[in-house]
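One letter stands for each residue in the lines below.
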Amino acid sequence: MTFKPAAWPRKLRSQTWFGGTSKDNIYHRGWMKNQGFPPDLFDGRPVIGILNTWSELTPCNAHLRDLAERVKHGIYEAGGFPVEVPVFSASESAFRPTAMMFRNLAAMAVEEAMRGQPMDGCVLMVGCDKTTPSLLMAAASTDMPSIVVTGGPMLNGYYKNERVGSGTHLWKFSEAVKAGTMTKEEFVEAEASMSRSPGSCNTMGTASTMASMAEALGMALSGNAAIPAVDSRRRVMAQLTGRRIVQMVKDDLKPSDILKKEAFENAIRTNAAIGGSTNAVIHLLAIAGRVGIDLTLEDWDRCGRDVPTIVNLMPSGKYLMEEFFYAGGLPVVIKRLGEAGLLHKDALTVSGETAWDQVKAVQNYNEDVILPAEKALTQSGGVVVLKGNLAPKGAVLKPSAATPALMQHRGRAVVFEDIDDYKARINDEDLDIDETCVMVLKNCGPKGYPGMAEVGNMGLPPKILRKGITDMVRISDARMSGTAFGTVVLHTSPEAAAGGPLAVVQSGDMIELDVAGRRLHLEVSDAELAARLAKWAPSHIRAESGYAWLHQQHVEGADTGADLDFLKGCRGNPVGKDSH
Ligand code: FES
């Protein structure tokens, strides 16, 4: 892809604040000088906002203040002026009702922080799940030169000398406690073994997936995704990122130059190859919506269909991000896509190089971590998009995390009206359910929960777990943690709270899941379905004020990215009026 750098030097937007001798200029510049910045920093060089999602309540990003110092070094070295700016940090592990409800709020706040302040380019310092898409959405809507650097994953967890992965083993251990094969004391002991260093989840969960998506989209330097948080090379990556953004501003290399349809297709295929999180579906659709790229669920199914999952990481496989890094990391995977004819090789990246040029010479150092195609975890690793009378606008399933024998299944529905109903009844020994049933959970979508919680991989009833059974078909309008696994149909659209057919499924109905045929079918007649829908009334749109109200009124469906309707599109970065 050809990109023509802008002429340099030229006047940058920050100069409307800092250049000149007007009262306004002196006001903006003078107040900054209370921090001891020397005058030459205001001379027209690129001002780079280091947008930092550091927070002690976002533990996965708690080391980002330290890492930001390295970004600053790089910016100064390249002749820029770094300014570190704290931004909304949507923590996965702390926010209630779910961090996803705040992804769009964070994106809106960051977008305005970028546009309203004297910045010419930005470094997006992210890590925990929602922090990456929210800042990418903001950067896409401002179209200001931007580059991602993630905090990197935690070191491997170990418990009783076994590798334990963030999230993945939380679900496994919790089910083992329910099944009576692990004690509560052991569960608590395992807790500290899982998270033993700074960084984000060490599985191929949503954080690692989104770091990989940022790299595959071309929005991060090659090799960024897998470097462990505490590895000294993470600091080098931060410094190099700081150097690079200064040149990007000089060249005027913007998100819209990089985030083309080809970049999204590269990312979708990468997601299939790494066995990435289903959350990437929603986030990439939302990012695409911010740059006006027509990306659809059908693109996910079409692009991912023939891509084998070759990264042997939990939850689909057995290793963790640390081993992925030692094996060569994401550049090896992108090279493999290129060799298989599955990469738009000339897609532009933040480095100024093409997607192919920056990976063509890398090597795979461990073929048990990054597998040969014939040993792939699944030959068809892409997210499957299902349609049918139960999901007219689509639903998704991750085949690499599912049980092959359940991917063609017909069973009796056991319905939970919402998450409270599920929690109230799931442990009831008298619940009318067996392993052939299909568990259905309603009202957990973007509007219904609200925020679309990661509860789609709802735990099985204890009486079934005690039989040694660990998977059943589950269907909901919820999401699933990227660290989770199972034959789980997610993001069913339209969601129940918006009056989708999911809302009127009844216990005892028969449901057919046909993954190969891409079909999700409720076995009731069209007339019966229409009659049930005619009687349906909304019950979960309850917020009356505040952000929850804004979210419930304006959030769109999962099938288009669950963005707020009024935030879609690119609004650029015009310099606003001065009020002084
Ligand atoms: Fe933050 Fe997993 S909870 S990355």
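In short, a report on the structure. (Residues numbered from 1 in each chain as written. Predicted model: local features only at pLDDT ≥ 70, side-chain atom pairs only at ≥ 80, totals over all residues. Heavy atoms only, no water.)

This part takes up the environment of Asp231. Among the structural elements, Asp231 can be located in the loop between helix H8 (206–217) and helix H9 (232–251). Relative accessible area serves as the criterion here: at 14%, Asp231 is assigned to the buried category. As for Asp231 and Asp120, which are separated by 111 residues in sequence, their C-alpha atoms are 30 Å apart. (Helix = DSSP H or I, 4+ residues; strand = E, 2+ residues; numbered from the N terminus. Buried < 20%, exposed > 50% of the residue type's maximum accessible area, 1.4 Å probe, protein only.)

Attention now moves to unusual backbone geometry. One can expect most non-glycine residues to show negative phi and most peptide bonds to be in trans. Here the residue pair Trp8 and Pro9 is connected by a cis peptide bond, since its omega of 5° sits within 30 degrees of zero. Turning to its location among the elements, Pro9 is positioned in the segment before helix H1 (15–18). For the bond from Arg96 to Pro97, the omega torsion is 5°, close enough to zero to count as cis. By the secondary structure assignment, Pro97 is in the loop between strand E2 (81–86) and helix H4 (100–116). One non-glycine residue, Met452, lies in the positive phi region at around 70°. Assignment of secondary structure puts Met452 in the loop between strand E10 (438–441) and helix H17 (462–465). For Met452, a relative accessible area of 0% gives the class buried. Unusually for a residue other than glycine, Arg518 sits at a positive phi of about 55°. Along the chain, the position of Arg518 falls in the loop between strand E13 (510–514) and strand E14 (519–522).

What follows concerns the sheet that holds strand E4 (residues 146–150). Sheet architecture is open: four strands sit in the order E2-E1-E3-E4, paired in parallel fashion. The two strands at the open ends of the sheet, each matched to only one other strand, are E2 and E4. Across the sheet, the mean angle from the axis of one strand to that of its neighbour is 20°, orientation sign disregarded. Across six bridges, strand E1 (residues 47–52) lies against E2 in parallel orientation. Looking at the pairing, Ile48 lines up with Pro82 of E2. (Pairing = 2+ DSSP bridges. Axes fitted to C-alpha atoms, helices over the stretch in contact; angles between N-to-C directions.)

In this section: the pairing of strand E11 (residues 473–476). Judged by which residues are buried, E11 turns out to be covered on both faces: Val473 and Ile475 on one side and Arg474 and Ser476 on the other are all buried. Sheet analysis places E10 next to E11, joined by four bridges and oriented parallel. When the sheet's bridge partners are listed, Val438 is paired in E11 with Val473. Where E11 and strand E12 (residues 488–493) come together, two bridges link them in parallel fashion. Considered in E12, the bridge of Arg474 is made with Val488.

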